[in-house]
Amino acid sequence: VMPDLPYSAFPSLPQFLYCPLLRAGASSAKILAFLVYCATGISVYMLCRLRASRKVSAAITFAFMIAPTLCFMGQEAYAEPFIAFNLLAALLFMKGLKRKCSESLKAYAVCGILAGGCAAVKLTGVFASAAIALLTLWRGKKHSTLIKPLLIFGLFAALFIAPFYARPWLATGNPFYP
């Protein structure tokens, strides 16, 4: 965390991924961001295909992918596509589990990791994490008790988030700085 740049304290999952890639050149971070942008588009299509025809799903995905904001973010290594991808991956994962009628605690661990991934990207990712948590718990309402699944979800989310919020906390005394 740099004292003269408070935004350096943001949770920074993408930056942790970009740093090793920068040795290969500055464009490698942009390539990774573009690949996440493409994976997000594929996830949008897959989610749409659960309820709509191929043509409708393709049209919705196309409209999503050509939105000016998303095109800009996809080429400039912004962090938001990482939040969107984690959120969509969690939704697809939960939908797949519903089809298999699996009530494994592993499902809560995976959803916790994906929720943690949203919050590890940026502070605004906490809202996507909350949505994943609510949907995961709603999906698990068949459990006679939700205490154990909730603990598993929370534990894995916290383990994934911890390093990204510990850094600003150790440097400034505030895990949510700035």
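Preceding this section is the structure that the text describes.
Quick summary incoming for the structure in this document. The residue numbers shown here count from 1 along each chain, following its written sequence. Reporting in this predicted model follows two pLDDT cut-offs: at least 70 for local features of residues, and 80 or more for side-chain atom pairs to be given and counted; totals over whole chains, interfaces and linings ignore these cut-offs and use all residues. Values shown for side chains rest on all heavy atoms present in the structure; no hydrogens or waters enter the calculation.

1. Section: the overall build of the protein
Phase 1: In DSSP terms, a helix is any run of H or I states spanning at least four residues, a strand is any run of E spanning at least two, and both are numbered starting from the N terminus. Looking only at helices and strands, the protein features 8 helices and 0 strands.
Phase 2: Moving toward the C terminus, one meets the helices and strands of the protein in the order α-α-α-α-α-α-α-α.
Phase 3: Throughout this description, buried means an accessible area under 20% of the type-specific maximum (1.4 Å probe, protein chains only), exposed means over 50%, and partly exposed covers the range between. Here the protein holds 178 residues, and the buried ones make up 35% of them.
Phase 4: Sequence-distant contacts in the protein: of pairs separated by 6 or more residues, those separated by 24 or more amount to 72%. The contact rule is simple, with two residues in contact once any of their heavy atoms fall within 4.5 Å.

2. A word on the environment of Ala133
Phase 1: Within the secondary structure, Ala133 is located in helix α7 (residues 125-139).
Phase 2: Judged by relative accessible area, Ala133 falls into the buried class, the value being 17%.
Phase 3: Separated by 21 residues in the primary sequence, Ala133 and Gly112 have C-alpha atoms spaced 7.5 Å apart.

3. A closer look at helix α1 (residues 13-21)
Phase 1: What α1 keeps buried is the set Leu13, Pro14 and Tyr18. When α1 is viewed along its axis, its buried side chains cluster within an angular range of 130 degrees and face the same direction. Of the exposed residues in α1, those oriented more than 90 degrees away from the buried face are Cys19 and Pro20. Arc definition: it is the arc formed by the directions from the helix axis to the C-beta atoms.

4. Considering the packing of helix α6 (residues 105-121) against helix α8 (residues 147-172)
Phase 1: Packing of α6 against α8 leaves a shortest axis separation of 7 Å and a crossing angle of 30 degrees. In this view, α6 runs roughly parallel relative to α8, as classed from their interaxial angle. Judged by the sense of rotation from one axis to the other, the crossing of α6 with α8 is right-handed. Along its contact with α6, which presents Leu105, Tyr108, Ala109, Cys111, Gly112, Ile113, Ala115, Gly116, Gly117, Ala119 and Ala120, the element α8 presents Lys148, Pro149, Ile152, Phe153, Phe156, Ala157, Phe160, Ile161, Phe164 and Tyr165.
Phase 2: A breakdown of the residues in the contact of α6 with α8 according to their chemical character gives 17 nonpolar, 3 polar and 1 charged. Only the stretch in contact is used when a helix axis is fitted, and all axes are lines through C-alpha atoms; the angle between N-to-C directions ranges over 0 to 180 degrees. Oblique is the label for every angle not falling under 35 degrees (roughly parallel), over 145 degrees (roughly antiparallel), or within 65 to 115 degrees (roughly perpendicular). Note on convention: the crossing is left-handed when the near helix lies turned anticlockwise from the far helix by less than a right angle, right-handed when the turn is clockwise. Three classes are used, and their members are as follows: Ala, Val, Leu, Ile, Met, Phe, Trp, Tyr, Cys and Pro are nonpolar, Asp, Glu, Lys and Arg are charged, and the others, Gly among them, are polar.

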